[in-house]
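What follows is each chain in one-letter form.
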Amino acid sequence: MRNLLTMNELSVHDIEGIISQAQAFANGEGWFPESQTMVANLFFEPSTRTKCSFEMAERKLGLEVIPFDAGTSSVQKGETLYDTARTLEAIGVNALVIRHEQDAYFDELKGRLSIPVINAGDGCGHHPTQSLLDLMTIKQEFGRFKGLKIAIIGDIRHSRVARSNAVALTRLGSEVVFSGPPEWFDEGIGIGGYEDIDSAIGTADVVMLLRIQHERHAEKETRADAEYLQRFGLTKMRERSMKPKAIIMHPAPINRGVEVDTDLVECGRSRIFKQMENGVFIRMAVLKRAIEQIKGGNIHENSHQKWSIAR
Amino acid sequence: MRNLLTMNELSVHDIEGIISQAQAFANGEGWFPESQTMVANLFFEPSTRTKCSFEMAERKLGLEVIPFDAGTSSVQKGETLYDTARTLEAIGVNALVIRHEQDAYFDELKGRLSIPVINAGDGCGHHPTQSLLDLMTIKQEFGRFKGLKIAIIGDIRHSRVARSNAVALTRLGSEVVFSGPPEWFDEGIGIGGYEDIDSAIGTADVVMLLRIQHERHAEKETRADAEYLQRFGLTKMRERSMKPKAIIMHPAPINRGVEVDTDLVECGRSRIFKQMENGVFIRMAVLKRAIEQIKGGNIHENSHQKWSIAR
Amino acid sequence: MRNLLTMNELSVHDIEGIISQAQAFANGEGWFPESQTMVANLFFEPSTRTKCSFEMAERKLGLEVIPFDAGTSSVQKGETLYDTARTLEAIGVNALVIRHEQDAYFDELKGRLSIPVINAGDGCGHHPTQSLLDLMTIKQEFGRFKGLKIAIIGDIRHSRVARSNAVALTRLGSEVVFSGPPEWFDEGIGIGGYEDIDSAIGTADVVMLLRIQHERHAEKETRADAEYLQRFGLTKMRERSMKPKAIIMHPAPINRGVEVDTDLVECGRSRIFKQMENGVFIRMAVLKRAIEQIKGGNIHENSHQKWSIAR
């Protein structure tokens, strides 16, 4: 079962393999499953951006995408996520892409399905394809991870990718530092210290801005936008202090004029739209990895007697 | 016009033909229409489960599915269902799958469209593909209907399938009894008497549980869940009294711990997920039956002069 | 860049070319892009009818349609329309079809995207594919525009097509008059005078009824339906006064018994469902025109370095 739930389950070798396959897709390589393959995208938390990216990846691989409207699904009638996933498995879906607002929603599914699950984001937990596309973008730019300094800046506590990226980049040999509002710094990550915003931006090879997730802040503590930009955002002045080959990254959607000056969004250093482009290729690679495993196994034979072997 | 609106319009021969075709699909047979064929699923009442099953069937037949969002459709602006259906016909949709909260919504459409309508559920009325998949599951298990005893248990009055299944099974030679809360028993069905829950479960070949449709109960008469399970549900103790080869069926979504003990959902007797699997094959057979009729006719020639022959 | 934003940007030659291509599609001609082509339909204002028509056109051309749910998109989180469109471009969408409640929403996008935008309706502004399908329907009927008298009747002020059609038809050589409630007549159009309802209907070759857009009338000034029909609608009596070969058109959805007597909706003169049928072919022609331009250009080469040439 080739699930992809968190970055932790991937070895450095796995990560490099996925990035390498994604780069091959970016270079025009094609791959299609041998038989008609069905996938469903279960987005219990809306995310048009990530959903469109997965849809694009799925179409490029020639998969059939079964529409699933989480807003009107039986989950609303009290059905468990397991029963929903099991239903889709029973009707012939070969792989599930799931986003859910609950942290580690996938614990309920582990080892209980015969089809793979790809995590497209769980609560404040993980978002492995976002991490992988970030890594791919860095690799494209510098050809390596070793010796790079990555500054992760902003709403670290509510970010699904800050922690995953910090851990993965450290494993890959980069140095990670955090910056932004000190009260949003999460010492619990245990990797990478807090650095002053001007120092972090002036010395990093990658300035990785995080989105302020207004919708996740229960308290209305968020500062006025212009004030945030001046104190902790990437202003034009700070951009001029960046190292000559340093790049700007952001997972989007961007709050223009908050995390970053609007004029910098598409500047020569920005890889923001490149990240989105890479996201499709990463998702193709992750889907291929999941599907090859299925087709290598004998899921179709099992599926005819699932009821007799279950439990 | 090969509509499928209710089970009543199908002869025993028709039913056997559909089940036989569905079984051929389950065994791996393929069938595709000769030319590009468009279908739209109009779900005015949400049902992710049934919609996904139809979508899967449609994809397996190579049909193009035109997305239709009932929630934002012109029906909300006061358009009649007929005008909506007629519009889809005009733009080239070759078959309609419709679920609607109004009983017999299809009376408005009968004889007025040149494309077939497949009923995916009307109010408290009919749900013929659900009935057919239930019949297919029983046929697979026992190879026959004659001489079987089927116990239909639960919310009979609000069930779309209780009546259809009772009528069809009786025509096919089975004996049908009902059980569950006596006040939910509907004498109006005119087929099959009421039997005590323990007796029904202990003597039936098929224990067919119905979902308690909390959302259809205007009155808040529904009992506490645990109490319902003890009095009228399939407990582990009752399961042990079942005949050796008897099976458990449920149309899903399941209220775990209400109609059935959660540990029995995937037990060896359960055909609940098998029913879902069969549902796709039944819908393929029903769609094939509708489409063959279209393509046999000359709908495309008509469609260019529809305006001149209408009315 | 082969955008289609308003009718104004099309020459008479362009209009004739699009109608001619649409007629070829109606006659059974096929056309498919050389490589996999992705399109997204961004409907920020719901319109099942227009969306289904575009979807049908896209499927008939073999395009891949990436589902986009405007209701849950990042636009709701404050993302600009430009950033949303740019995102879809980055992930590989080759053309955008957009409907938006804001007049001239496309001004924000002009010259900033490398993929074409097809306007499927902007606020009270434009709806060029609706105009083109109206023109195609007239052309089919009369073989010409010169010398025809077109009466546009009803809610002119709130209509996206009244103005566009009036301008285009005048350029093509037809005479345009307006009728309906005098207070809804918009002198600002500058083309075509106001004519009494009975005179307009009795002398026109084309009686083009507009939908009363209840949802756009802030004031509850709309008259009782039956009264509207008698005073300004197409009653059976007025229909009898129409010229022998005159036709009835309406953009739909129809308010039956308001703009038109319900018995006339599918009468021999009515081209209402024919318009819908033509709409698919017009949209195919418009999409082909946009896509040929893309594939003729070198968008794919650009897309790999978009980030370096942007801004």
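Residues numbered from 1 in each chain as written. Chains lettered and ligands numbered in written order. Predicted model: local features only at pLDDT ≥ 70, side-chain atom pairs only at ≥ 80, totals over all residues. Heavy atoms only, no water.

Naming follows an unreviewed UniProt entry, where chain A appears as Aspartate carbamoyltransferase of Peribacillus cavernae. The record held by UniProt for chain A lists under Catalytic activity (unreviewed entry) the comment "carbamoyl phosphate + L-aspartate = N-carbamoyl-L-aspartate + phosphate + H(+)". Among the UniProt annotations of chain A, the heading Sequence similarities (unreviewed entry) holds the following wording: "Belongs to the aspartate/ornithine carbamoyltransferase superfamily. ATCase family." (UniProt positions renumbered as here; feature names shortened; annotations may be inferred.)

A. Structural view of the relation of the copies chain A and chain B. The operation relating chain A to chain B is a screw motion whose rotation component is 120°, with 0.0 Å of axial translation and a residual RMSD of 0.0 Å. Both chain copies can therefore be described as sitting about a three-fold axis. When C-alpha distances to the rotation axis are compared across chain A, the minimum falls at A:Pro67, with a value of 5.2 Å. (Least-squares fit on C-alpha atoms with pLDDT ≥ 70 in both.)

B. The interface of chain A and chain B, seen in detail. Taken together, the contacts link 28 residues of chain A with 25 residues of chain B. Of the roughly 2600 Å² buried between chain A and chain B on both sides combined, carbon and sulfur atoms contribute 53%. One salt bridge in this structure joins A:Asp83 and B:Arg256, with 2.6 Å as the shortest N-O distance. Between the two partners, chain A and chain B, sit eight residue pairs in polar contact (both at pLDDT 80 or more). Secondary structure elements with two or more residues in the side of chain A that touches chain B: β2 (64–66) and α3 (81–90) of chain A. It is α3(A) that provides the largest number of residues to the side of chain A that touches chain B, a total of six residues. Among the residues making up the side of chain A that touches chain B, the classes are represented as 12 nonpolar, nine polar and seven charged. (Contact = heavy atoms within 4.5 Å. Buried area = accessible area lost by both parts, 1.4 Å probe. Salt bridge = Lys/Arg side-chain N within 4 Å of Asp/Glu carboxyl O. Polar contact = N/O pair within 3.5 Å; in protein donor to acceptor, adjacent residues only side chain to side chain. Helix = DSSP H or I, 4+ residues; strand = E, 2+ residues; numbered from the N terminus. Nonpolar A, V, L, I, M, F, W, Y, C, P; charged D, E, K, R; others polar.)

C. Examining the packing of helix α4 (residues 128–142) of chain C against helix α5 (residues 160–171) of chain C more closely. Residues and elements named next belong to chain C. At a minimum axis distance of 9 Å, the contact between α4 and α5 shows a crossing angle of 50°. Relative to α5, α4 is oriented oblique. For the element pair α4 and α5, the recorded crossing hand is right-handed. Where α4 abuts α5, its residues Gln130, Ser131, Asp134, Leu135 and Ile138 lie against Val161, Ser164, Asn165, Ala168 and Leu169. In terms of residue class, the contact of α4 with α5 is made up of five nonpolar, four polar and one charged. (Axes fitted to C-alpha atoms, helices over the stretch in contact; angles between N-to-C directions. Parallel < 35°, antiparallel > 145°, perpendicular 65-115°, else oblique. Left-handed = near helix turned anticlockwise from the far one by under 90°.)

D. Highlighting the packing of aromatic side chains. Summed over the entire model, instances satisfying the criterion amount to 18 aromatic pairs over all chains. On the numbers, 5.1 Å between centres and 75° between planes, the contact of B:Tyr105 with B:Phe106 is edge-to-face. Accessibility expressed as a relative area gives 1% for B:Tyr105, which makes it buried. Clustering of aromatic rings is evident, with ring pairs tying together A:Phe178, A:Phe185 and A:Tyr194. Directly above the ring of B:Phe54 sits B:Arg283, whose terminal nitrogen or CZ lies 5.0 Å from the centroid. (Phe/Tyr/Trp six-rings, centres within 6.5 Å; stacked < 30°, edge-to-face > 60°. Buried < 20%, exposed > 50% of the residue type's maximum accessible area, 1.4 Å probe, protein only. Lys NZ or Arg CZ within 6 Å of the ring centre and 35° of its normal.)

E. Just the domain arrangement of chain A, in detail. Residue and element names in this part refer to chain A. Each domain of chain A was delimited in the assignment, giving domain 1 (12–128 + 275–295) and domain 2 (130–271). Summarising the inter-unit geometry, the C-alpha centres of domain 1 and domain 2 are found 26 Å apart. With 27 residues of domain 1 in contact, the opposing surface of domain 2 contributes 25 residues. Surface buried jointly by domain 1 and domain 2 totals about 2200 Å² across both partners, of which 57% is contributed by carbon and sulfur atoms. Note that Arg160 and Glu45 form a salt bridge whose closest N and O atoms lie 3.3 Å from each other. Connecting domain 1 to domain 2 are 13 residue pairs in polar contact (both at pLDDT 80 or more). When residues of the side of domain 1 that touches domain 2 are traced back to their parent elements, those giving at least two are α1 (12–26), β4 (117–122) and α9 (272–296). Its residues placed into classes, the side of domain 1 that touches domain 2 shows 12 nonpolar, nine polar and six charged. (Domains from an automatic or database assignment.)

F. Examining the environment of C:Ala26 more closely. Mapped onto the elements, C:Ala26 comes out in helix α1 (residues 12–26). Between the alpha carbons of C:Ala26 and C:Phe281 there is a distance of 6.1 Å; along the sequence they are 255 residues apart.

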